[in-house]
Amino acid sequence: GEPVTLVVHAEMPPGAGKIISADWDLDGKGTYPVHHDDIAGTETSISRTISHTFEAPGTYFITALVHGHRDGDTKAQSRRLPNLAQVRVVVH
């Protein structure tokens, strides 16, 4: 019942493009319903924080999905460069 703070930090390699999206999968379903709408495709590194409260005890695998794009096109449907990070959260 207590909130957990989750932080994602992502960086693009030099000359590889800009970060165009960052999303969270909080329940392990792979749907990534939590979006950071403030990413404009102009930055090569980002840090974003969310707070989430788990309603029941258990082990949760939280995934952050960050996409980059060589041109920083936030509307691009192709040439998106995905990267995942996952953390295990154990709630007692």
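Rules of the game
Residues numbered from 1 in each chain as written. Predicted model: local features only at pLDDT ≥ 70, side-chain atom pairs only at ≥ 80, totals over all residues. Heavy atoms only, no water. Buried < 20%, exposed > 50% of the residue type's maximum accessible area, 1.4 Å probe, protein only. Helix = DSSP H or I, 4+ residues; strand = E, 2+ residues; numbered from the N terminus. 1 Å grid on protein atoms, 1.4 Å probe; cavity = no way out; pocket = protein on both sides within 12 Å on 5 of 7 lines; lining within 4 Å. Points joined across faces, edges and corners; volume = space filled by probe spheres on them. Nonpolar A, V, L, I, M, F, W, Y, C, P; charged D, E, K, R; others polar.

Draft legend 1. Broad picture of unusual backbone geometry. The residue Y32 is not glycine, and still its phi comes out positive at about 50°. Of the residues examined, Y32 reaches a relative accessible area of 16% and is grouped as buried. In this structure, R79 is a non-glycine residue whose phi angle is positive, near 60°. Within the element layout of this structure, R79 appears in the loop between strand 5 (58-69) and strand 6 (81-91). Taking the relative accessible area as the measure of exposure, R79 reaches 53% and is therefore exposed.

Draft legend 2. Representation of the layout of surface pockets in the model. By volume, the largest pocket is sized at about 210 Å³. Lining the largest pocket are 15 residues, and of these A10, E11, V66, N83 and L84 sit closest to its centre. For the lining of the largest pocket, the elements supplying multiple residues, two or more each, are strand 1 (3-11), strand 5 and strand 6. Ranked by residues supplied to the lining of the largest pocket, first place goes to strand 6 with five residues. Classifying every residue of the lining of the largest pocket gives 11 nonpolar, three polar and one charged. With four residues, the single largest contributor to the lining of the second largest pocket is strand 2 (residues 18-25). Taken together, the residues that form the lining of the second largest pocket break down as three nonpolar, four polar and four charged.

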